[in-house]
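Chain and residue survey
One letter stands for each residue in the lines below.
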Amino acid sequence: QAQPASEISSKYETLSKHVKELYAKQKETVEQHQAFIDAGNDFMQWIRAAKEKLSKCSEPTGDKESLSSKVSQLKVLENEQEEGQKKLEKALEQGDVACQIADPEDKEIIEEEVGLLQEEFDTYIESLNRTKSLLEIGIVKWTEYEDQYQEASDWLTQTEQVVQTFNKLQDSLEEKKNVLEQFQVHLQTLFDWQRELDRLNMKAQMLLETCADTRISNAVTQMTTKYNALLSLAKEIMRRLELHYQEHQQHNTLYQECQDWVDRTRDKLNECIEIPSTLPEVNNKLQTVKGIRQSLEQGQNKLRYALELKEKVILNTEQNGAA
């Protein structure tokens, strides 16, 4: 009772003021923390949805159309990336504000949560970029395979047409020789092209690792079958051209031998036409004529063989040359 009531009133007012200030500070701390939590939840909700969308197009498998479709979906996610960035920045700003008024223990928790949010976003962006790169590589593989397949298909078609042009008869020995030499070059080119087929097969195998599409293996199998058939045809034509040339060359040589034999025999016979004046000379010429008569069988054999060979060569020679 000795102390005035005003002192008690003053203390009460001071205490009441402190309580209000503390309450206001605590309320602000809770509100800022809640705002950070809400912003963080909003961001996490966005990134969960984004990850789910990314997971649907993250596998770099399938045909070219499928990969292109996935790339289109990724472009949508890339366009939405800015929205996620803004949500993250808002959460980070709220976290910074909350840290400024939080006690040390809460501040450490908030900073850790802020770090996790940033890490989530960075990981997502890294996955997005990696997926995009893998899909683009897959499309490049498809494009390279399709281009090389089309190039190989066109080459085989053109080469088959060229090979078929050699599958006809020629008039003369010289033409047969020229055609044979030309075709030898084409045949070697056909042999060398096996490397291109091997490279195409390698590209197909690489595609099959990411795309279990039977159309790829079937197409390469058909291409290989077509190549082997063309190679077999070319070998057969080569064998035929060689045979035609060799038989014609042999006939030509034999014909020349027959012609030489006839010329030599005629010359010897002409030497014996005039009857000499002495018996020894008559005997000499008589022996020459007998030798000629004995050699007629040899000439007849050469001629018979030439005629037989002629029949073969005619079958392998164009009409004018055969005549």
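You'll find the structure just up there.
Residues numbered from 1 in each chain as written. Predicted model: local features only at pLDDT ≥ 70, side-chain atom pairs only at ≥ 80, totals over all residues. Heavy atoms only, no water.

**What to know about the overall build of the protein chain**
Each helix and strand counted, the protein chain has eight helices and zero strands in total. Going from the N terminus to the C terminus, the protein chain shows its helices and strands as α-α-α-α-α-α-α-α. For 323 residues, the compact-globule formula gives about 20 Å, and the C-alpha radius of gyration of the protein chain, at 50 Å, lies well above that figure. Based on the C-alpha atoms only, the size of the protein chain along its principal axes is roughly 195 × 30 × 20 Å. (Helix = DSSP H or I, 4+ residues; strand = E, 2+ residues; numbered from the N terminus. Rg over C-alpha atoms; globule rule 2.2 N^0.38 Å.)

**So, the packing of aromatic side chains**
Applying the stated criterion across every chain, the model contains nine aromatic pairs. Ring centres of F43 and W46 lie 6.4 Å apart, and the angle between their planes is 25 degrees; this geometry places the pair in the stacked category. A residue pair is termed a helical-turn pair when its members lie 3 or 4 positions apart in one helix, as F43 and W46 do in helix α1 (residues 5-56) at three residues. Arranged with centres 5.8 Å apart and planes meeting at 80 degrees, the rings of W46 and Y124 form a pair that is edge-to-face. Placement of the pair is W46 in helix α1 and Y124 in helix α3 (residues 104-165), with a sequence separation of 78 residues. Judged by its relative accessible area of 10%, W46 falls in the buried class. The exposure class of Y124 is buried, given its relative accessible area of 1%. (Phe/Tyr/Trp six-rings, centres within 6.5 Å; stacked < 30°, edge-to-face > 60°. Buried < 20%, exposed > 50% of the residue type's maximum accessible area, 1.4 Å probe, protein only.)

**Structural notes on the environment of E59**
Positionally, E59 belongs in the loop between α1 and α2 (64-101). Taking the C-alpha atoms as reference points, E59 and T131, 72 residues apart in sequence, are found 7.5 Å from one another. If near-sequence neighbours (up to four positions away) are discounted, E59 is found in contact with K70 and L135. (Contact = heavy atoms within 4.5 Å.)

**Brief notes about the packing of α3 against helix α5 (residues 194-210)**
At a closest axis distance of 10 Å, the pairing of α3 and α5 adopts a crossing angle of 150 degrees. As summarised for this structure, α3 and α5 are arranged roughly antiparallel, according to the angle between their axes. Judged by the twist between their axes, the crossing of α3 over α5 is left-handed. Here K141, W142, E144, Y145, Q148, Y149 and A152 of α3 lie close against α5, whose contacting residues are E196, R199, L200, K203, A204, M206 and L207. Grouping the amino acids of the contact of α3 with α5 by side-chain chemistry returns eight nonpolar, one polar and five charged. (Axes fitted to C-alpha atoms, helices over the stretch in contact; angles between N-to-C directions. Parallel < 35°, antiparallel > 145°, perpendicular 65-115°, else oblique. Left-handed = near helix turned anticlockwise from the far one by under 90°. Nonpolar A, V, L, I, M, F, W, Y, C, P; charged D, E, K, R; others polar.)

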